[in-house]
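# A look at the structure
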Amino acid sequence: MDVLHNLNQQQQQAVTAPEGQILVLAGPGSGKTRVLTRRIAYLVQYMGVSPFHIMAVTFTNKAAREMKSRVETMIGESIHGMWLGTFHANCARILRREAAHLPISNNYIIFDADDQVGIIKNIIKEEKLNDKQYRPYDVQAAISNAKNNLITAEEMIVETQRDRIVQRIYRKYQATLESNNAVDFDDLLFWAVRLFEEYPAVREAYSRQFRHVLVDEFQDTNLVQYTLLKHLSSFHNNLFVVGDEDQSIYRWRGADYRNVLRFTDDYPKATKILLEENYRSTQLILDAATSVIDENLHRTHKQLQAARNLQGPKIILHTAYDDRDEGIFVVDTIHRLLDRGKAAGSDFAVMYRTNAQSRLIEEAFLKAGIDYRLVGAQRFYGRREIKDLIAYLRLVHNPDDAVSFNRIINVPKRGIGEVSLQSILLAAQKAQVSPGRLLLSLGLEKEKSALADSLPSRILPKLIYFGEQFLYWSEAKEELSVAELLETIIESIEYENYLEEDSVNRDTSIDRLANVHELRRLTYEYKDSGLDTFLENMALVSDQDTLPENTEAPTLLTLHAAKGLEFPIVFIVGMDQDLLPHSRSISEPEELAEERRLFYVGITRAKDQLYLTRAERRSFFGTTSTTLPSEFLADIPSELIEIAGKAGITRHHQRNTDYAQFRDNARTTQAPSWLDFARPETRRQPEVDPIYHIGMRVHHAMWGEGVVINSFVDDGEEAVDIEFKETGLKKVLASIVKLEILGEGENHV
DNA sequence: ATAAAGTGACTTTTT
DNA sequence: GTCACTTTAT
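Residues numbered from 1 in each chain as written. Chains lettered and ligands numbered in written order. Predicted model: local features only at pLDDT ≥ 70, side-chain atom pairs only at ≥ 80, totals over all residues. Heavy atoms only, no water.

Bringing the overall build of chain A into the picture now. Regarding its fold elements, chain A presents 26 helices and 24 strands. Counting contacts in chain A only where the partners sit at least 6 residues apart, residues at least 24 apart contribute 75% of the total. Carbon together with sulfur atoms contributes 49% to the accessible area of chain A, which is approximately 33300 Å² in total. (Helix = DSSP H or I, 4+ residues; strand = E, 2+ residues; numbered from the N terminus. Contact = heavy atoms within 4.5 Å. Areas by Shrake-Rupley, 256 points an atom, 1.4 Å probe, with all protein chains shown as cover.)

Listed below in structure tokens is the structure:
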């Protein structure tokens with residue numbers, strides 16, 4: 001396939017851009033991924049660049065995988081040798097190769113967020129600090145933040161007592177990682193940058209290799225990532241970045257959309273290309289999205305233009321009595337559209353700000369007997385049984401991993417509690433070995449081990465027994481595949497028995513066994529690679545990559561998880577102040593701006609129809625309170641919105657009078673009072689007065705002009721029969737089919 | 001050493 | 001309301 005096939009002019013310009021720094025600012029749905037993959041194909045096929053000389057960086061494994069398969073399809077050959085992966089995976093690879101320059105050996109393991117917090121918790125305990133005042137999670141965030149800004153413990157700015165303490169914990173934390181032969185997520189990037197800065201020859205070697213560096217989702221890079229890219233491209237200076245400031249939603253993880261501005265500052269000769277043609281949504285949806293995001297400052301305005309030449313139906317806004325009714329409205333609406341064959345299950349997505357909101361939506365789905373797909377909620381790798389078994393494998397791979405040791409020393413129960421554990425750790429410390437190596441020594445030399453004396457006699461036999469098992473696994477790990485090793489471990493510790501006994505009820509037991517089975521299945525995929533590759537992938541692969549792909553059902557997901565996806569019909573629920581924007585973000589302008597971007601991301605996922613819903617009453621942590629409409633609703637011009645689900649006042653009345661007020665208030669900063677008119681006065685009142693009358697002339701986007709033959713309310717729904725000029729008689733539901741009223745009998749509007 | 005009862009926190013979570 | 005973590009009782 002020709003790499004320029006079906007590309008618009010801006011896309012072509014990007015794909016064929018000359019060498020140098022290229023910044024592609026790509027609006028939602030503008031073919032960003034397409035440009036990136038075509039650019040790679042162009043380089044390989046037309047410019048004769050070997051895949052070996054290309055590095056392409058993404059944030060997720062999913063994105064990397066997709067890019068890889070798309071490029072391969074396009075150029076019809078393997079791109080073997082290309083460094084195509086996530087920031088973290090590419091850096092992990094570099095660190096593994098350059099371990100000689102680093103305080104870790106090349107079988108280092110990667111600690112995840114839980115491991116990090118666990119270590120910090122221990123340090124806080126050791127330091128006898130108050131864990132209310134120094135919450136492990138917060139300290140971890142502070143350390144992570146420092147690393148994301150390329151700051152070591154020594155380089156921290158210390159002004160307060162708290163800073164001093166955090167610095168001390170940071171230092172100790174880093175020492176712990178080293179003694180465990182481990183790095184955390186942030187270190188992967190941080191150390192790669194340090195490596196390049198301290199060893200110019202290493203930097204030169206890599207930057208010579210990568211004649212072209214390409215980056216996806218550039219707006220989500222943080223300082224480490226930005227710096228890394230500079231180093232990687234420092235020899236050939238070919239840096240091609242694609243992003244959209246307006247879709248930067250990971251500020252709280254250090255992402256800084258201003259890197260887009262920094263890029264043009266640092267590279268004044270950079271070529272800037274704007275992609276504004278949108279291949280996804282209707283113009284109406286784009287107009288709404290634009291009016292929302294235009295409220296933000298410090299950005300490049302983009303005039304999103306729909307390629308589909310379709311204005312599209314208005315956004316439907318529904319205010320429910322409470323959050324339960326909100327869920328019911330969503331599911332009812334989906335149900336009706338499914339029943340009428342207007343859409344398939346997979347056409348729908350329901351998006352929310354917080355995971356907690358999914359529960360009531362799920363309940364409504366369950367009640368209606370409609371299948372759904374939940375993205376993200378509990379993570380597979382976060383499950384206890386998975387973490388346990390991974391900890392066993394990690395310990396076998398790297399006996400110095402004390403975090404994993406602590407995790408599994410009494411799982412399954414070996415009668416080694418807190419006190420015994422402390423005495424083991426103390427004995428190991430005295431002998432200057434890691435607890436894992438102490439165990440190996442016990443397994444090898446039994447009671448004769450020099451370490452045996454310093455351990456309580458009560459637990460010694462148990463430790464020796466466990467040590468023998470551990471020694472056996474360690475010796476067998478070279479010959480056995482990952483799957484075989486895992487199987488051996490599961491059997492010798494009787495893990496499945498333990499799960500059954502330990503589970504509170506039958507269901508959790510079945511769940512957990514199923515998870516273990518799933519892990520087994522996963523290990524079979526690593527037939528040809530070693531334990532190291534498996535563990536690295538376990539650490540670096542996210543849950544969303546392993547989601548079962550049930551493509552038939554509506555998808556429930558957070559707004560964050562929605563980035564990069566698209567659906568014909570999108571519901572954004574919880575359009576209430578304090579939820580979206582979230583209460584924690586309201587006081588800080590930059591955070592409020594990010595909430596707005598989050599809303600923008602949600603809106604622009606919709607191809608054809610967008611529903612916004614909110615609830616007048618919502619339960620927060622058990623207690624119900626009333627809510628105010630999201631301030632973002634006021635940013636959408638009223639003429640793009642249609643209010644649905646109102647009861648008590650006729651729709652007709654509302655259209656003629658309330659709409660003006662709606663418009664007048666739409667631009668005020670206060671909660672728009674027009675929403676009062678959309679407010680249901682009584683709970684789930686089914687009766688609705690018909691909007692359409694016999695003889696009324698209407699227009700539909702697809703069917704053209706027609707005349708209303710009949711209209712009646714059935715089960716709280718207005719059903720309308722319309723005779724269309726072109727297509728004949730259609731029976732439709734007023735709330736679903738978008739009709740424009742051209743005239744009532746003789747009167748024109 | 002472990003199970004039961006009490007306490008308090010609670011956004012998002014690409015790696 | 002729910003979950004994880006801590007205290008307390010066995």
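A separate point is the protein's contact with DNA strand C. Within the structure, DNA strand C sits among Lys 121, Phe 621 and Gly 622. Within the backbone of Phe 621, one N or O atom sits 3.5 Å away from a base oxygen of DNA strand C. (Near = heavy atom within 4 Å. Polar contact = N/O pair within 3.5 Å; in protein donor to acceptor, adjacent residues only side chain to side chain.)

In this structure the tally under the stated criterion is 49 salt bridges. Among the ionic pairs, Glu 217 bridges to Lys 32, the shortest N-O distance being 3.5 Å. Here Glu 217 is found in the loop between strand S6 (212–215) and helix H10 (223–232), whereas its partner Lys 32 is found in helix H2 (residues 32–45), with 185 residues between them in sequence. A relative accessible area of 17% places Lys 32 in the buried class. (Salt bridge = Lys/Arg side-chain N within 4 Å of Asp/Glu carboxyl O. Buried < 20%, exposed > 50% of the residue type's maximum accessible area, 1.4 Å probe, protein only.)

The next point concerns helix H25 (residues 589–603). Under the 1.5 Å per step criterion, the end-to-end length of H25 is 21 Å for 15 residues, consistent within 8% with the ideal 21 Å. Along H25, twelve of the 15 residues are buried, which leaves the element largely enclosed by surrounding structure. Listed in full, the buried residues belonging to H25 are Leu 592, Ala 593, Glu 594, Glu 595, Arg 596, Arg 597, Leu 598, Phe 599, Tyr 600, Val 601, Gly 602 and Ile 603. (Expected span 1.5 Å × (residues − 1).)

Strand order in this open sheet of six strands is S3-S2-S6-S7-S1-S8, and the pairing throughout is parallel. Two strands bound the open sheet, and with one partner strand each, they are strand S3 (83–86) and strand S8 (271–275). For this sheet, the mean angle separating the axes of adjacent strands, direction not counted, is 15 degrees. Here S6 pairs with strand S7 (residues 239–243) via three bridges, running parallel. Looking at S7, one finds that Val 213 is bridged to Leu 239. Contacts from H2 reach strand S1 (21–26), strand S2 (54–58), S6, S7 and S8 within the one sheet, and its direction differs from that of S6 by about 165 degrees. (Pairing = 2+ DSSP bridges. Axes fitted to C-alpha atoms, helices over the stretch in contact; angles between N-to-C directions.)

Inspection of every chain in the model, using the stated rule, returns 19 aromatic pairs. When the ring of Tyr 42 is compared with that of Tyr 46, the centres are 5.6 Å apart and the planes differ by 20 degrees; the resulting orientation is stacked. On the basis of relative accessibility, which here comes to 13%, the residue Tyr 42 falls in the buried class. Note that Lys 230 overlies the ring of Tyr 267, its terminal NZ or CZ placed 5.9 Å from the centroid. A cation sits over an aromatic face here: Arg 617 above Tyr 321, 4.0 Å from the ring centre. (Phe/Tyr/Trp six-rings, centres within 6.5 Å; stacked < 30°, edge-to-face > 60°. Lys NZ or Arg CZ within 6 Å of the ring centre and 35° of its normal.)

What follows concerns the environment of Phe 621. In this structure, Phe 621 sits in the loop between strand S16 (606–620) and strand S17 (623–626). Judged by its relative accessible area of 85%, Phe 621 is exposed. Each C-alpha atom of the pair Phe 621 and Ala 356 lies 9.9 Å from the other, and the pair is 265 residues apart in sequence.

Its 15 residues give helix H3 (residues 61–75) an end-to-end C-alpha distance of 21 Å, which sits within 8% of 21 Å, the value for a rise of 1.5 Å per residue. Restricting attention to buried positions, one finds in H3 the residues Asn 61, Ala 64, Met 67, Val 71, Met 74 and Ile 75. Seen along its axis, H3 keeps its buried residues to an arc of 160 degrees; they face one direction. Of the surrounding secondary structure, the elements contacted by the buried residues of H3 are H2, S2, S3 and helix H23 (531–540). Following H3 by one or two positions, Gly 76 has its phi on the positive side, about 65 degrees. (Arc of directions from axis to C-beta.)

Before going further, it helps to spend a moment on the pairing of S1. Counted residue by residue, S1 has six buried out of six residues, so it is predominantly covered. Both faces of S1 are covered, namely the face carrying Gln 21, Leu 23 and Leu 25 and the face carrying Ile 22, Val 24 and Ala 26. Direction of pairing for S1 relative to S7: parallel, over a ladder of five bridges. When the bridges of S7 are listed, Ile 22 appears paired with Phe 240. Pairing geometry for S1 and S8, over five bridges, is parallel.

This part takes up the packing of helix H19 (residues 460–476) against helix H20 (residues 482–492). It is at 11 Å that the axes of H19 and H20 come closest, and there the two elements cross at 170 degrees. With respect to each other, H19 and H20 are oriented roughly antiparallel. Every residue of H20 that contacts H19 at Gln 469, Tyr 472 and Trp 473 is listed here: Leu 485, Thr 488, Ile 489 and Ser 492. In the contact of H19 with H20, the residues fall into four nonpolar, three polar and no charged. (Parallel < 35°, antiparallel > 145°, perpendicular 65-115°, else oblique. Nonpolar A, V, L, I, M, F, W, Y, C, P; charged D, E, K, R; others polar.)

This part is about the environment of Leu 389. For Leu 389, the position within the fold is in helix H15 (residues 384–397). Separated by 22 residues in the primary sequence, Leu 389 and Val 411 place their C-alpha atoms 9.7 Å from one another. Those residues in contact with Leu 389 that sit more than four places away from it in its chain are Leu 486, Ile 490, Tyr 495, Val 516 and Leu 519.

Before going further, it helps to spend a moment on unusual backbone geometry. Excluding glycine, residues mostly have negative phi values, and the peptide bonds linking residues are mostly trans. Omega for the bond connecting Val 411 with Pro 412 falls within 30 degrees of zero, at -5 degrees, which places this linkage in the cis form. Backbone geometry at Asn 181 places phi at a positive 55 degrees, although glycine is not the residue there. Even without a glycine there, the phi angle at Asn 237 is positive, about 60 degrees. Among the secondary structure elements, Asn 237 is positioned in the loop between H10 and S7. Overall, the relative accessible area of 36% leaves Asn 237 in the partly exposed class.

Considering the arrangement of structural elements, one finds Asn 278 in strand S9 (residues 277–278). Relative accessible area serves as the criterion here: at 0%, Asn 278 is assigned to the buried category. One polar contact links the side chain of Asn 278 to the main-chain amide nitrogen of Arg 280, over a distance of 2.7 Å. For Asn 278, the residues in contact, after removing those within four places along its chain, are Pro 28, Gly 29, Leu 286, Gln 305, Ala 306, Ala 307 and Arg 308.

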